[in-house]
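# Examination of the molecular architecture
In case you want the letters, here they are:
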Amino acid sequence: MAEIGPNTRLRVSPFYEATIGEGVTAFSPYNAMLMPVSYGDPDAEYDRLMNGVAQWDVSVERQVEIKGPDAAHLVQLISVRDLSAIDVGKGKYIPMCDHRGVLINDPVVLKHEDGTYWLSIGDNNILMWARAIAAERGLKVEICEPDVSPMAVQGPKAEDAVAAVFGDWVRALKYFWFAPAEINGIPLIIQRSGYSKQGGFEIYLRDGSRGTELWNIIKEAGQPWGIGPGNPNPIERIESGLLSYGGDTDDKTNPFEVRLGKYVDLDLDDEVVGIKALRRIKAEGVKRQQLGIVLDNSERHPGHAIWYDMLKDGERVGHMTCGAWSPRAHSMIGFALVGADRAVGDKVDVIRGGYRDPATLCPLPFF
Ligand code: THG
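Values in this document were obtained by computation on a predicted structure and should not be read as measured data.

Val64, Ile66, Leu74, Ile78, Val109, Leu119 and Ile143 are the most contacted members of the largest nonpolar core, which totals 41 residues. Among the elements that line this core, the one with the most residues is helix α4 (residues 126–136), at five residues. Core analysis: the second largest hydrophobic core is formed by 30 residues, Tyr39, Val162, Ile186 and Phe201 among them.

Below, the discussion takes up the sheet that holds strand β9 (residues 117–120). Ordered in space as β5-β8-β9-β4-β10, the five strands form an open sheet in which the pairing is antiparallel. Of all the strands in the sheet, the pair left with one neighbour each is β5 (92–93) and β10 (142–144). The sheet contact formed by strand β4 (residues 63–67) and β9 spans four bridges and is antiparallel. Looking across to β9, one finds that Val64 is bridged to Leu119. Against the sheet, α4 makes contact with β4, β9 and β10, and its axis sits at roughly 165° relative to β10, the strand it touches most.

The next subject is α4. When we look at burial in α4, the residues that qualify are Ile126, Leu127, Ala130, Ile133 and Ala134. Viewed end-on, α4 has its buried residues packed into an arc of 140°, placing them on one side of the element. Turned more than 90 degrees away from the buried face of α4 sit Met128, Ala135 and Glu136, all of them exposed. Elements that come into contact with the buried residues of α4 comprise β4, α3 (71–77), β6 (96–97), β7 (103–105), β9 and β10. Capping of α4 at its N-terminal end is provided by Asn125; its side-chain oxygen lies 3.4 Å from the backbone amide nitrogen of Leu127. With its phi angle positive at about 65°, Gly138 sits one or two positions after the end of α4.

Turning to the site of the ligand, a few remarks are in order. Around the ligand, the structure places 16 residues, and the nearest of them are Ser120, Lys197, Glu202, Tyr204 and Tyr263. Within the side chain of Lys197, a nitrogen or oxygen atom sits 2.3 Å from an oxygen atom of the ligand. Contact distances for the ligand include 2.9 Å between a nitrogen atom and a side-chain N or O atom of Tyr204. About the coverage of the ligand: the protein hides 86% of its 650 Å² of free accessible area. Its residues placed into classes, the shell around the ligand shows nine nonpolar, three polar and four charged.

Okay, the sheet that holds strand β11 (residues 149–154) next. As summarised here, the arrangement of the six strands in space is β12-β13-β14-β11-β3-β15, forming an open sheet in which the pairing is mixed. Looking at the sheet topology across the chains shown, the edges are occupied by β12 (178–183) and β15 (228–230). Geometrically, the sheet is characterised by an average inter-axis angle of 30° between neighbouring strands, direction not taken into account. For β12 and strand β13 (residues 186–191), the ladder comprises six bridges, and the chain directions are antiparallel. Following the sheet pairing, Phe178 is matched in β13 by Gln191. Each of β11, β12, β13 and β14 (200–205) touches helix α5 (residues 158–166); the most contacted strand, β14, lies at about 40° to it.

Taken N-terminus to C-terminus, the directions of α5 and helix α6 (residues 211–221) make an angle of 115°; their axes are 8 Å apart at the nearest point. Our pair here, α5 against α6, has a crossing hand that is right-handed. Residues Ala161, Ala164, Val165 and Phe166 of α5 lie in contact with α6, whose contacting residues are Ile217, Ile218 and Ala221. Across the contact of α5 with α6, the residue classes tally to seven nonpolar, no polar and no charged.

Let us now look at the packing of aromatic side chains. Inspection of every chain in the model, using the stated rule, returns five aromatic pairs. Residues Trp118 and Tyr204 carry aromatic rings whose centres are separated by 6.0 Å and whose planes lie at 45° to one another, so their mutual orientation is tilted. With a gap of 86 residues between them, Trp118 in strand β9 and Tyr204 in strand β14 connect regions that are remote in the sequence. Judged on exposure class, the residue Trp118 and its partner Tyr204 are both buried. One residue, Arg259, lies across the ring of Phe335, its end atom 5.5 Å from the ring centre. Lying across the ring of Phe367, Arg328 places its NZ or CZ 4.5 Å from the centre.

Criteria and cut-off values
- Residues numbered from 1 in each chain as written.
- Predicted model: local features only at pLDDT ≥ 70, side-chain atom pairs only at ≥ 80, totals over all residues.
- Heavy atoms only, no water.
- Core = buried A, V, L, I, M, F, W, Y, C linked by side-chain atoms within 4.5 Å.
- Buried < 20%, exposed > 50% of the residue type's maximum accessible area, 1.4 Å probe, protein only.
- Helix = DSSP H or I, 4+ residues; strand = E, 2+ residues; numbered from the N terminus.
- Pairing = 2+ DSSP bridges.
- Contact = heavy atoms within 4.5 Å.
- Axes fitted to C-alpha atoms, helices over the stretch in contact; angles between N-to-C directions.
- Arc of directions from axis to C-beta.
- Polar contact = N/O pair within 3.5 Å; in protein donor to acceptor, adjacent residues only side chain to side chain.
- Near = heavy atom within 4 Å.
- Areas by Shrake-Rupley, 256 points an atom, 1.4 Å probe, with all protein chains shown as cover.
- Nonpolar A, V, L, I, M, F, W, Y, C, P; charged D, E, K, R; others polar.
- Left-handed = near helix turned anticlockwise from the far one by under 90°.
- Phe/Tyr/Trp six-rings, centres within 6.5 Å; stacked < 30°, edge-to-face > 60°.
- Lys NZ or Arg CZ within 6 Å of the ring centre and 35° of its normal.

Quick look at the structure:
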């Protein structure tokens, strides 16, 4: 098997040494970094997330920091969700689009007390995008990638583990709210958030030289609840209907097609990048939709879908963009990106490795 490893264009996380120590078995490139994606026991990783607490290195969720007199203006120009009422100390999930109305990222935006913004980004170069838009519009902003690396602590026991380190005040933190914190002098931000529906926190490390130390503090504190390593979990996120930008989207996908329409405010100013295109798309009628899909054969397959062709009566009607065997559904489940004329209950065929898998379209989320 060929190897891929850290180099100057494929950076490692401050938690790299810690994840190696935990026995990481696979990485995936994401934002020019290596993201741990397996520790070799997917059942245990899923079980910890569902019943205990899991510790994830998600430092690939890089921060794009925007500050200066025009910071709020720029952040609104590159977000198709209305940010006029954004609270200091509360994150917001925002679709970002290009001038065609095509989704280019779905960050969480954080507004700090001093008026500085962080875009906590998915896999795409938003640093370059934000700088280009700022320069073209002549805005007074400073944009950088700060030394900030999130670690997620997820699962029903995450609150107990995080409170054991930082105190009971974290229990009062509401969904998506964040606050500064410190442990042994390590500067942090703690937010109630994370890429799962099992609850938990994201701890943003603000000093990349102290990753191993922070990892070990959380690991130690989580022992009573059986804490262990994991990563944004492919099974749980499909069961919960969480979108993977770049995984479930292509170079034509708009937010309406992938269930993000509720985060699009079409009456935003014309200057907002993509908003005019989104109004046109909406007026003309959205052509595709994202639904769930269940394979009729409930047998467990190890592999997961990578844009498998989906046929109806022999004609291609879309793709299965992701898939996993769901312990809760006792079936192979996934997301389908299909024409707007398809409906829940439709029978389709998924073409997988030359085989034809009969399947049924269903609503999202699964749970
Ligand atoms: N946490 C942080 N940054 C991130 C991610 C994260 N950046 C990249 C990537 N993940 C962005 N994608 C998502 C996708 C979904 C959510 C957050 C980031 C999410 N969605 C909830 C939902 O869909 O139910 C809530 C959305 C809402 O209503 O506001 O949490 O995981 N820091």
